[in-house]
Amino acid sequence: MWLFLIILLFSPLTFSQDGQKAKLSQEVYDKAFKLLQEGKAMEALTTLDLALSQFPVNPILHNLRGLVVSQLGRDKEAEASFRKVIELAPRSAMGYNNLATVLSQRGRAAEARQLFEQALQREPQNFTSLLGLGVTLATLQKYSEAVPFLEKAWLSRPQDFQTGYELARALRELKRSAEARKILASIPAPSKGTIAARYFTLAAVLAEDQADNAAAVSLYRRAYELAPGSFEIYLALTRASLGSAVPASDRTLPPAPAHLSAEQHFALGLLFASRRAYPEAVSHFAQTLQMEPASYSTAYNLAVSYKGAGETEAAIKLIESRLENHSTAEFHNLLASLQESVGHYVEAVRHYQKAVELEATNEQYYFDLGLEYLAHFTFGPAIEVFQVGIKKFPNASRQYEGKGLAHYAMREYPQAADAFLTALEMSPSSPSAFAAWNALQSALEPLELERVLPRLKSLSQAHPQNAEAMYCYGQALLNQSLSSNQPEQMSPAQALIEEACRLKPDFAAAHLVLGNLYLARKEPEKAIVAFQETIRLDARNEMAYYRLGQTYRNLNQLELAQQQLALHAQLVKTRRELMARSRSAIKQFVLAQSGSQSGTVIQTPSAP
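**Re the overall build of the protein**
And step 1. Of regular secondary structure, the protein possesses 33 helices and zero strands.
And step 2. Going through the 608 residues of the protein one by one, you find that 50% of them count as buried.
And step 3. The contacts of the protein with a sequence gap of at least 6 include a subset with a gap of at least 24, amounting to 55%.
And step 4. Carbon and sulfur atoms make up 52% of the accessible area of the protein, which amounts to about 29100 Å² in all.

**Things to note about the environment of Phe 127**
And step 1. In this structure, Phe 127 sits in helix α8 (residues 127-139).
And step 2. The exposure class of Phe 127 is buried, given its relative accessible area of 7%.
And step 3. When the C-alpha atoms of Phe 127 and Trp 154 are compared, they prove to be 8.8 Å apart, with 27 residues separating the residues in sequence.
And step 4. Ignoring anything within four residues of it in the chain, the contact list for Phe 127 reads Ala 153, Ser 156, Arg 157, Asp 160 and Thr 163.

**Observations regarding the confidence of the model for the protein**
And step 1. The share of residues in the protein with pLDDT of 70 or more is 89%, and the mean pLDDT across the chain is 88.
And step 2. Scored below 50 in pLDDT, residues 1-16 shows 50 contacts in the model against residues more than four places distant or in partner chains.

**Remarks on the packing of helix α26 (residues 446-462) against helix α27 (residues 467-484)**
And step 1. For the pair α26 and α27, interaxial distance at closest approach is 9 Å and the crossing angle is 150°. As summarised for this structure, α26 and α27 are arranged roughly antiparallel, according to the angle between their axes. The handedness of the crossing between α26 and α27 comes out as left-handed. Contact residues: α26 offers Pro 446, Leu 449, Glu 450, Leu 453, Leu 456, Lys 457, Leu 459 and Ser 460, while α27 offers Ala 469, Met 470, Cys 472, Tyr 473, Ala 476, Leu 477, Asn 479, Gln 480, Ser 483 and Ser 484.
And step 2. Looking at the contact of α26 with α27 residue by residue, the class counts come to eleven nonpolar, five polar and two charged.

**So, the pattern of salt bridges**
And step 1. Throughout the structure, instances matching the rule amount to 27 salt bridges.
And step 2. The structure contains a network of salt bridges with shared partners spanning Glu 79, Arg 83, Arg 106, Arg 108 and Glu 111.

**Side note on the nonpolar core**
And step 1. Counting 107 residues, the largest nonpolar core has Leu 61, Leu 64, Val 68, Leu 184, Tyr 220 and Ile 319 as the members making the most contacts within it.
And step 2. It is helix α12 (residues 193-209) that contributes the most residues to this core, ten residues altogether.
And step 3. Setting aside residues up to four positions removed in sequence, Leu 184 forms contacts with Tyr 165, Ala 168, Tyr 199, Leu 202, Ala 203 and Leu 206.
And step 4. The next biggest cluster of nonpolar side chains, apart from the first, holds 79 residues, and it includes Tyr 400, Ala 416, Leu 424 and Ala 544.

**Here's the deal with unusual backbone geometry**
And step 1. One non-glycine residue, His 259, lies in the positive phi region at around 60°.
And step 2. Judged by its relative accessible area of 80%, His 259 falls in the exposed class.
And step 3. Although it is not a glycine, Arg 411 sits at a positive phi angle of roughly 60°.
And step 4. Here Arg 411 is to be found in the loop between α23 (397-409) and α24 (413-426).

**Points about the side chain of Gln 475**
And step 1. By the secondary structure assignment, Gln 475 is in helix α27.
And step 2. Assessed through its relative accessible area of 6%, Gln 475 is described here as buried.
And step 3. The contact partners of Gln 475, leaving out residues within four places of it in the chain, are Asn 438, Gln 441, Ile 497 and Val 513.

**With respect to helix α17 (residues 296-308)**
Residues that lie three or four places apart on an α-helix share one face, since the helix turns once every 3.6 residues.
And step 1. Spanning 13 residues, α17 covers 19 Å between terminal C-alpha atoms, matching the ideal 18 Å at 1.5 Å per step.
And step 2. By the criterion of burial, α17 is predominantly enclosed, with ten of the 13 residues buried.
And step 3. Regarding α17, the residues found buried are Ser 297, Thr 298, Ala 299, Tyr 300, Asn 301, Leu 302, Ala 303, Val 304, Ser 305 and Tyr 306.
And step 4. In this structure, the buried side of α17 is in contact with α15 (262-274), α16 (278-291), α18 (312-322) and α19 (329-341).
And step 5. Directly after α17, the chain includes Gly 310, whose backbone phi takes a positive value near 85°.

**What about the packing of aromatic side chains?**
And step 1. Overall, the coordinates contain 15 aromatic pairs when judged by the stated rule.
And step 2. The interplanar angle of 55° and the centroid separation of 4.7 Å between the aromatic rings of Tyr 296 and Phe 331 together place this pair among those described as tilted. Note that Tyr 296 is positioned in helix α17 and Phe 331 in helix α19, a separation of 35 residues in sequence.
And step 3. Using a relative accessible area of 1% as the deciding quantity, one classes Phe 331 as buried.
And step 4. A centroid spacing of 5.7 Å and a plane angle of 65° characterise the contact between Phe 434 and Phe 507, whose relative ring orientation is edge-to-face. Of this pair, Phe 434 sits in helix α25 (residues 431-440) while Phe 507 is found in the loop between α28 (490-503) and α29 (508-520), placing the two residues 73 residues apart along the sequence.

**A look at the packing of helix α4 (residues 59-71) against helix α6 (residues 93-105)**
And step 1. Between α4 and α6, the least distance of the axes is 11 Å, while the angle of their chain directions is 15°. Looking at the two axes, α4 sits roughly parallel to α6. Read as a crossing pair, α4 and α6 show a hand that is left-handed. On α6, the residues touching Asn 63, Leu 67 and Ser 70 of α4 are Met 94, Asn 98, Val 102 and Gln 105.
And step 2. For the contact of α4 with α6, the class distribution of residues is three nonpolar, four polar and no charged.

**A closer look at helix α21 (residues 363-375)**
And step 1. For α21, spanning 13 residues, the distance from its first C-alpha to its last is 18 Å, which sits close to the expected 18 Å at 1.5 Å a residue.
And step 2. The buried fraction of α21 amounts to 13 of the 13 residues, a majority that puts the element mostly inside the structure.
And step 3. For α21, the N-terminal cap is Asn 362; the gap from its side-chain oxygen to the backbone nitrogen of Gln 364 is 2.9 Å.
And step 4. Following α21 by one or two positions, Phe 377 adopts a phi angle in the positive range, close to 60°.

**So, the side chain of Glu 363**
And step 1. The residue Glu 363 is located in helix α21 in this model.
And step 2. Of note is the side chain of Glu 363, whose polar atom sits 2.7 Å from the side chain of Arg 398.
And step 3. For Glu 363, the side chain forms a polar contact with the side chain of Gln 399, separated by 2.9 Å.
And step 4. Setting aside its immediate chain neighbours within four residues, Glu 363 contacts Phe 393, Ala 396, Arg 398 and Gln 399.

**Description of the environment of Gln 480**
And step 1. Mapping Gln 480 onto the fold places it in helix α27.
And step 2. For Gln 480 and Ala 493, which are 13 residues apart along the polypeptide, the C-alpha to C-alpha distance reads 9.8 Å.

Calculation notes
- Residues numbered from 1 in each chain as written.
- Predicted model: local features only at pLDDT ≥ 70, side-chain atom pairs only at ≥ 80, totals over all residues.
- Heavy atoms only, no water.
- Helix = DSSP H or I, 4+ residues; strand = E, 2+ residues; numbered from the N terminus.
- Buried < 20%, exposed > 50% of the residue type's maximum accessible area, 1.4 Å probe, protein only.
- Contact = heavy atoms within 4.5 Å.
- Areas by Shrake-Rupley, 256 points an atom, 1.4 Å probe, with all protein chains shown as cover.
- pLDDT = per-residue confidence, 0-100.
- Axes fitted to C-alpha atoms, helices over the stretch in contact; angles between N-to-C directions.
- Parallel < 35°, antiparallel > 145°, perpendicular 65-115°, else oblique.
- Left-handed = near helix turned anticlockwise from the far one by under 90°.
- Nonpolar A, V, L, I, M, F, W, Y, C, P; charged D, E, K, R; others polar.
- Salt bridge = Lys/Arg side-chain N within 4 Å of Asp/Glu carboxyl O.
- Core = buried A, V, L, I, M, F, W, Y, C linked by side-chain atoms within 4.5 Å.
- Expected span 1.5 Å × (residues − 1).
- Phe/Tyr/Trp six-rings, centres within 6.5 Å; stacked < 30°, edge-to-face > 60°.
- Polar contact = N/O pair within 3.5 Å; in protein donor to acceptor, adjacent residues only side chain to side chain.

Structure representation (structure tokens):
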């Protein structure tokens, strides 16, 4: 409650006394009031105490004395003075209002609420009482109760700054930001000081609520100009700026406040790192580490930010300097990823292994170690690591994916099929599990395909709304039909693949298989439509161009055929043997997984 004492200073109060006493007490009041205005609070207090020895039952003098001692920080005396006002003028709202204000400033909001309510019982339209009760209820987080009193005060003084501000703030807490923004815009913005900074900060928050991020950034900047030492405003400005859609060159931030604490630098570092602004994150984490040299979480986050900023050697040097005193699995795992990125494969493996040894309950570390073996085509060790990972973490589908890829690369297709299918059964929406199975299915022998059909059927039945599940079963039926000369499987295969296209209209792979099926059923016109749709959805699908060109050629449409086959030739590079293609798939899997898993910033606001 930051304006009440100024407001209440002018609250009138009349009481019965004879003319001479009234004249003398008014003269004393005016003198003390002038001294207070001139900043001479102690002289005003001396004047009032002398007067009160002559006029001890004058409530106006007691009220002014309460205001004076409150300004001097002597809250207990202020409370006593205002209680005396209530005693002497129990039917006036003023004593209750001023006492409530003092108690509220001392954190006694519940008592202040009762006093403001008593004031309103005596003067139901009293502006200060309405405003005070509304603010006090908001302080108690009773926003729905606060708003009616604030609205009533606002109606009586629609240009009052504090009333409009407090009403807007309460409305915002009730998620009525549009109304709050309208209220705030209707009052003149202060030009300087803390009050102005608060105004622009609230305006920025309301703009953010309504997704007006450009306005929010501008308003936070204005607030920060008015309060350049406010860390909270700077943090909000940084967050809004990093989330802005404008180009990075237009998001230049002013300098942070001087003399930030280690915790504040750490918070800013986390904010920058979470938005991938790694150079800025490096600066704040480095300052945190300078202030708190033993901080583990700061060192880790600084290393991750170095990595993100392209300063890999600095990250390696930092972690290596920490390992002697902090030999943690987390440090070893991060160091392994850094060593891998600079080509130190042997060192990377050693640190991945150390991470597994130090924290055998962490699935991520087993996965990263297996991924490292896969990345360098050491498939035997990869299978061993993923097998252990499967035993320890039987519900982690990616462990099965990794194991399946290693088997696939070694041409152990039945084992790969079993692993990939298990991953799909556990996570049918996993893009990597689907991609792995899709790469494998054409390599399966008819007998092996026959063996897995029941599992694929169960998968499609268990997830009838999953396009990938329908596609996998339909494609397997089609392949079985073609390889085993079982044309009766064509119709159910077609129904499944068409359902996959219906469930997921942008499913390019399903449209390609549907085109192949139409060709097998001697329906080239339908096949052409399917291949064209595949190309529309995936303009780099080499097989779609090839199939479309072949179909045109079979229809003797040689010019169209030549066009499509030429496009196919532009996309296709010399293909390697099956192992090379297997390794290519593995590389794609490794890169995808590494990009989403390695070097995660610690998102904890704990003291660094």
